[in-house]
Amino acid sequence: ALGAARRALGAAARVDPSLERLREMLEVASVQLEELAREASHYEDSLDVDPERLAEVDRRRDLLFKLAKKYGGTVDAAIEAGADAQRELDLLDSASLDLGQLTQREAEVAGELRAAGTALSALRAKAAKKLQKAVDAVLPDLGMADGRFTVRLAPRDEVGRTGAEDVEFLVALNLGHDARPLSRVASGGELARMMLALTTILARLDHVPTLVFDEVDAGIGGAVGLRVGDTMRRVAEHHQVFAITHLPQIASRAHRHVVVAKGAKGGVTTADIHVAEGAARVAEVARMLGGDPTSTLGQQHARELLAQAVLPAKR
């Protein structure tokens, strides 16, 4: 095509010399195109065409397209998903090793727990004997001269967070009776006095700030009531103690005497509360003694009871 164009333009230039410039431009273009053809041919000859490699690249492009479409829409998102999957796989591969280490650690901790349970059991056994002896020594002062207190340590099948045994308090409040659980054999008053006995022994260790004893005087009176009152007064050195009582011997031992009286105001029954002090307290204790609160003899007895309360209590 170039040769035909060159011949036609040469013939025309001979007729019209003004076309000579165009003929020269065509000659230059022909030379450049021939050079381009040679370079392209050389480039083609230099290519190492591998049909299998081309097929592999096509397969890889197809795979990348599918992965990108399935995992986030981009190649970067697909790569991140692959990294996450690899981390999960690594975790599964190391799971057996981790399980072995945990099993070994579990065995070690179980051994430590058993050792701690054994040590705690020994301390409990020692403390139980001391507590039994101390409580038994207090019971006669609380009107339970024949009472016996026992701490039973019942072994468990397995060591738990509270030790290797269950701790239960047993009492035998009458001579010749077997020891039974405290909650099953004691009346309300007896239970309160048993708690008073325990609190007396454990007062310095017990962090409960306030103790309430309701009708702790049930079934007692006279000298026993005085001893119960003295015991509660000693407990009051370490706790705030409330005692609900109808017994003057106990009331006389209190640091404060609060009187609760039923009354009526405006046709409505009320419960009035006031602190009895001085002569009013003497009169109230005398009334509790069962006599005339205004009698000289009753008030003298009340003063004697109140005076005895300020003396050092027996320890």
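Everything numeric here is computed off the predicted structure, so don't read it as measured data. (Residues numbered from 1 in each chain as written. Predicted model: local features only at pLDDT ≥ 70, side-chain atom pairs only at ≥ 80, totals over all residues. Heavy atoms only, no water.)

**Section: the sheet that holds strand β3 (residues 180-181)**
For step 1, the next point in the chain: The strand order across the open sheet built from three strands is β1-β2-β3, with neighbouring strands paired in antiparallel fashion. Single-partner strands in this sheet number two, and they are β1 (148-160) and β3.
For step 2, the next point in the chain: Here strand β2 (residues 163-172) runs beside β3; their pairing, made up of two bridges, is antiparallel. Among the inter-strand pairings, V171 is bridged to a residue of β3, identified as R180.
For step 3, the next point in the chain: In the packing of helix α4 (residues 75-138) onto the sheet, contacts are made with β1 and β2, and the angle to β1 comes to roughly 170°. (Pairing = 2+ DSSP bridges. Helix = DSSP H or I, 4+ residues; strand = E, 2+ residues; numbered from the N terminus. Contact = heavy atoms within 4.5 Å. Axes fitted to C-alpha atoms, helices over the stretch in contact; angles between N-to-C directions.)

**A word on the nonpolar core**
For step 1, the next point in the chain: Residues V135, F149, M194, L196, V216 and V228 are the most contacted members of the largest nonpolar core, which totals 27 residues.
For step 2, the next point in the chain: Per-element accounting of this core gives the leading share, five residues, to helix α6 (residues 188-202).
For step 3, the next point in the chain: When sequence neighbours within four positions are dropped, the list of residues in contact with L196 reads L142, F213, V216, V228, T231, M232 and V235.
For step 4, the next point in the chain: By size, the runner-up hydrophobic cluster in this structure holds seven residues, among which are L226, V285, A302 and L306. (Core = buried A, V, L, I, M, F, W, Y, C linked by side-chain atoms within 4.5 Å. Buried < 20%, exposed > 50% of the residue type's maximum accessible area, 1.4 Å probe, protein only.)

**Points about helix α3 (residues 51-70)**
For step 1, the next point in the chain: Between the first and last C-alpha of α3 there are 29 Å, a value that for 20 residues agrees with the 28 Å anticipated at 1.5 Å per step.
For step 2, the next point in the chain: Sparse coverage of α3 is indicated by the burial of one of its 20 residues.
For step 3, the next point in the chain: Measuring from the side-chain oxygen of the N-cap residue of α3 to the backbone nitrogen of E52 gives 3.1 Å; that N-cap residue is D50.
For step 4, the next point in the chain: Phi turns positive one or two residues past the end of α3, at G72, with a value near 100°. (Expected span 1.5 Å × (residues − 1). Polar contact = N/O pair within 3.5 Å; in protein donor to acceptor, adjacent residues only side chain to side chain.)

**Considering the layout of surface pockets**
For step 1, the next point in the chain: For the largest pocket, the calculated volume is near 790 Å³.
For step 2, the next point in the chain: Forming the walls of the largest pocket are 24 residues, and the residues nearest its centre are A243, I244, A254, R256 and V258.
For step 3, the next point in the chain: Of all the elements in the fold, those that place two or more residues in the lining of the largest pocket are α7 (222-235), β5 (240-244), α8 (248-251), β6 (257-265) and α9 (278-288).
For step 4, the next point in the chain: When residues of the lining of the largest pocket are assigned to their parent elements, the largest contribution, five residues, is made by β5. (1 Å grid on protein atoms, 1.4 Å probe; cavity = no way out; pocket = protein on both sides within 12 Å on 5 of 7 lines; lining within 4 Å. Points joined across faces, edges and corners; volume = space filled by probe spheres on them.)

**What about the side chain of R193?**
For step 1, the next point in the chain: With respect to the helices and strands, R193 occurs in helix α6.
For step 2, the next point in the chain: Here L142 takes part through its backbone oxygen, which lies 2.9 Å from a polar atom of the side chain of R193.
For step 3, the next point in the chain: Setting aside anything within four residues of it in sequence, one finds R193 in contact with L142, G143, M144, V216, A218, I220 and V228.

**Considerations on α7**
For step 1, the next point in the chain: Helix length check: α7, at 14 residues, gives a terminal C-alpha distance of 20 Å against a target of 20 Å (1.5 Å per residue), a fit within 8%.
For step 2, the next point in the chain: Across the 14 residues that make up α7, a large majority, ten, are buried.
For step 3, the next point in the chain: Turning to α7, its buried residues number three or more, namely V224, G225, L226, V228, G229, T231, M232, R233, R234 and V235.
For step 4, the next point in the chain: Summarising the contacts, the buried residues of α7 are in contact with α6, β4 (210-214), β5, α8 and α10 (296-309).

**Structural notes on the pattern of salt bridges**
For step 1, the next point in the chain: All chains considered together, the criterion is met by 17 salt bridges.
For step 2, the next point in the chain: R59 is the partner of E56 in a salt bridge, and the nearest nitrogen-oxygen pair spans 2.6 Å. With E56 and R59 both in helix α3, this residue pair falls three residues apart, about one helical turn.
For step 3, the next point in the chain: Judged by its relative accessible area of 35%, E56 is partly exposed.
For step 4, the next point in the chain: Residue R87 pairs with E80 through a salt bridge whose shortest N-O separation is 3.6 Å. (Salt bridge = Lys/Arg side-chain N within 4 Å of Asp/Glu carboxyl O.)

**Comments concerning the packing of α6 against α7**
For step 1, the next point in the chain: Orientation of α6 relative to α7, taken along the N-to-C sense of each, is 45°, at an axis distance of 10 Å. By the angle between their axes, α6 is oblique relative to α7. Between α6 and α7 lies a crossing whose hand is left-handed. Of α7, the residues touching α6 (which contributes R193, L196, T199 and T200) are V228, T231, M232 and V235.
For step 2, the next point in the chain: Considering only residue class, the contact of α6 with α7 consists of four nonpolar, three polar and one charged. (Parallel < 35°, antiparallel > 145°, perpendicular 65-115°, else oblique. Left-handed = near helix turned anticlockwise from the far one by under 90°. Nonpolar A, V, L, I, M, F, W, Y, C, P; charged D, E, K, R; others polar.)

**Here we look at the pairing of β2**
For step 1, the next point in the chain: Sheet topology places β1 next to β2; nine bridges connect them, and they run antiparallel. Residue pairing for β2: L153 is matched across the bridge by V167.
For step 2, the next point in the chain: With antiparallel pairing between neighbouring strands as the criterion, β1 and β2 make up a hairpin whose turn holds two residues.

**Section: the confidence of the model for the protein chain**
For step 1, the next point in the chain: When pLDDT is averaged along the protein chain, the result is 87, and 98% of the positions lie at 70 or above.
For step 2, the next point in the chain: Across the protein chain, element-level confidence peaks in β2 with a mean pLDDT of 93 and bottoms out in helix α5 (residues 182-185) with 79. (pLDDT = per-residue confidence, 0-100.)

**Considerations on the packing of α9 against α10**
Between two packed helices, what matters for the description is the angle formed by their axes and the separation of those axes.
For step 1, the next point in the chain: Between α9 and α10, whose axes approach to 8 Å, the crossing angle comes to 105°. As the angle between them shows, α9 and α10 are arranged roughly perpendicular. On α10, the residues that touch R281, V282, V285 and A286 of α9 are G298, Q299, A302, R303, L305 and L306.
For step 2, the next point in the chain: Taken together, the residues that form the contact of α9 with α10 break down as six nonpolar, two polar and two charged.

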